[in-house]
Amino acid sequence: MTDYAVFWGCTIQARFPFMEKSVRLVADTLEIRLHEIEGTTCCPTKMIKTGDEFIWYVTAARNLALVEEMGRDLVTPCNGCYGTLKLAASELNLNTELRTRVNELLANAGLEYKGTIGVKHLIEVLYDDIGTDAIKKHVTRP
């Protein structure tokens, strides 16, 4: 069984409940356990980055720090959230000065981003972690 913290983002559950249901059904079938993340916010969208890049990093790092506390890698079916969280994690992992500044603010909420988790899109999990052979076993209508 494979376990992940699932980041639904701010639109899937509200606007695309059929997508959430489909992901949950596929995850159950393939024995992927999805664990809800308590207290997340918007990923945040890249539009915020153009307004205040530092706050964009802080918000993304807050979500990532919540997942780190769970001790699991993050998976998201949302392309936008994936792009945001993957980019933020990559930059925070490489730029120690930025990570230090971000963590100074996160400390006010009792959080710290350490860079200890992976950020994956659902497609990466299905292809890289589960594999096409395992998926093919569950195909009912080829």
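Residues numbered from 1 in each chain as written. Predicted model: local features only at pLDDT ≥ 70, side-chain atom pairs only at ≥ 80, totals over all residues. Heavy atoms only, no water.

A. A look at the pattern of salt bridges. What the rule picks out here adds up to five salt bridges. Note that Arg33 and Asp3 form a salt bridge whose closest N and O atoms lie 3.6 Å from each other. Here Arg33, found in strand β2 (residues 32-36), pairs with Asp3, found in strand β1 (residues 2-6); they are 30 residues apart in sequence, far enough to count as distant. The class for Arg33 is partly exposed, based on a relative accessible area of 42%. The salt bridge partner of Lys120 is Asp129, with a shortest N-O separation of 2.7 Å. Among the charged side chains, a network of salt bridges with common partners joins Asp3, Arg33 and Arg72. (Salt bridge = Lys/Arg side-chain N within 4 Å of Asp/Glu carboxyl O. Helix = DSSP H or I, 4+ residues; strand = E, 2+ residues; numbered from the N terminus. Buried < 20%, exposed > 50% of the residue type's maximum accessible area, 1.4 Å probe, protein only.)

B. Seen up close, the packing of aromatic side chains. Per the counting criterion, the structure on display carries two aromatic pairs. With centroids separated by 5.9 Å and ring planes inclined at 80 degrees, the aromatic side chains of Phe16 and Phe18 adopt a geometry described as edge-to-face. With relative accessibility at 29%, the residue Phe16 sits in the partly exposed group. Given a relative accessible area of 56%, Phe18 falls into the exposed group. (Phe/Tyr/Trp six-rings, centres within 6.5 Å; stacked < 30°, edge-to-face > 60°.)

C. Geometry of the sheet that holds strand β4 (residues 119-121). Read across the open sheet, the four strands follow the order β2-β1-β3-β4; overall the sheet is parallel. Looking at strand neighbours, the two that pair on one side only are β2 and β4, the edges of this open sheet. Neighbour-to-neighbour, the strand axes of this sheet turn through a mean angle of 40 degrees, independent of strand direction. Pairing between strand β3 (residues 74-76) and β4: three bridges, direction parallel. Bridge pairing links Val75 to Lys120 in β4. Sitting on the sheet, helix α7 (residues 122-130) touches β1, β2, β3 and β4, and the angle it makes with β4 is about 95 degrees. (Pairing = 2+ DSSP bridges. Axes fitted to C-alpha atoms, helices over the stretch in contact; angles between N-to-C directions. Contact = heavy atoms within 4.5 Å.)

D. Spotlight on the nonpolar core. Counting residues in hydrophobic clusters, the biggest one holds 42 residues, and the most contacted among them are Ile32, Leu34, Leu74, Leu85 and Val102. Of all the secondary structure elements, the ones that give two or more residues to this core are β1, α2 (17-29), β2, α4 (53-70), β3, α5 (79-94), α6 (96-106) and α7. Looking at this core, the element that brings in the most residues is α4, giving ten residues. Excluding its chain neighbours within four sequence positions, the residues that come into contact with Leu85 are Phe7, Cys43, Ala60, Asn63, Leu64, Leu74 and Val119. (Core = buried A, V, L, I, M, F, W, Y, C linked by side-chain atoms within 4.5 Å.)

E. A look at α6. Those residues of α6 that fall on the buried side of the exposure criterion are Leu98, Val102, Asn103 and Leu106. Along α6, the residues classed as buried sweep out an arc of 130 degrees about the axis, all on the same side. For α6, the exposed residues set more than 90 degrees away from the buried face come down to Glu97 and Glu104. Where α6 is buried, its residues contact α4 and α5. For α6, the N-terminal capping position is held by Asn95, with its side-chain oxygen 3.2 Å away from the main-chain nitrogen of Glu97. (Arc of directions from axis to C-beta. Polar contact = N/O pair within 3.5 Å; in protein donor to acceptor, adjacent residues only side chain to side chain.)

F. Region of the structure containing the packing of α4 against α5. Their axes nearest at 9 Å, the elements α4 and α5 cross at an angle of 100 degrees. Taken as axis vectors, α4 and α5 run roughly perpendicular relative to one another. Each of Trp56, Tyr57, Ala60, Ala61, Asn63 and Leu64 in α4 lies in contact with α5, whose residues at this interface are Thr84, Leu85, Leu87, Ala88, Ala89, Glu91 and Leu92. Taken together, the residues of the contact of α4 with α5 sort by class into ten nonpolar, two polar and one charged. (Parallel < 35°, antiparallel > 145°, perpendicular 65-115°, else oblique. Nonpolar A, V, L, I, M, F, W, Y, C, P; charged D, E, K, R; others polar.)

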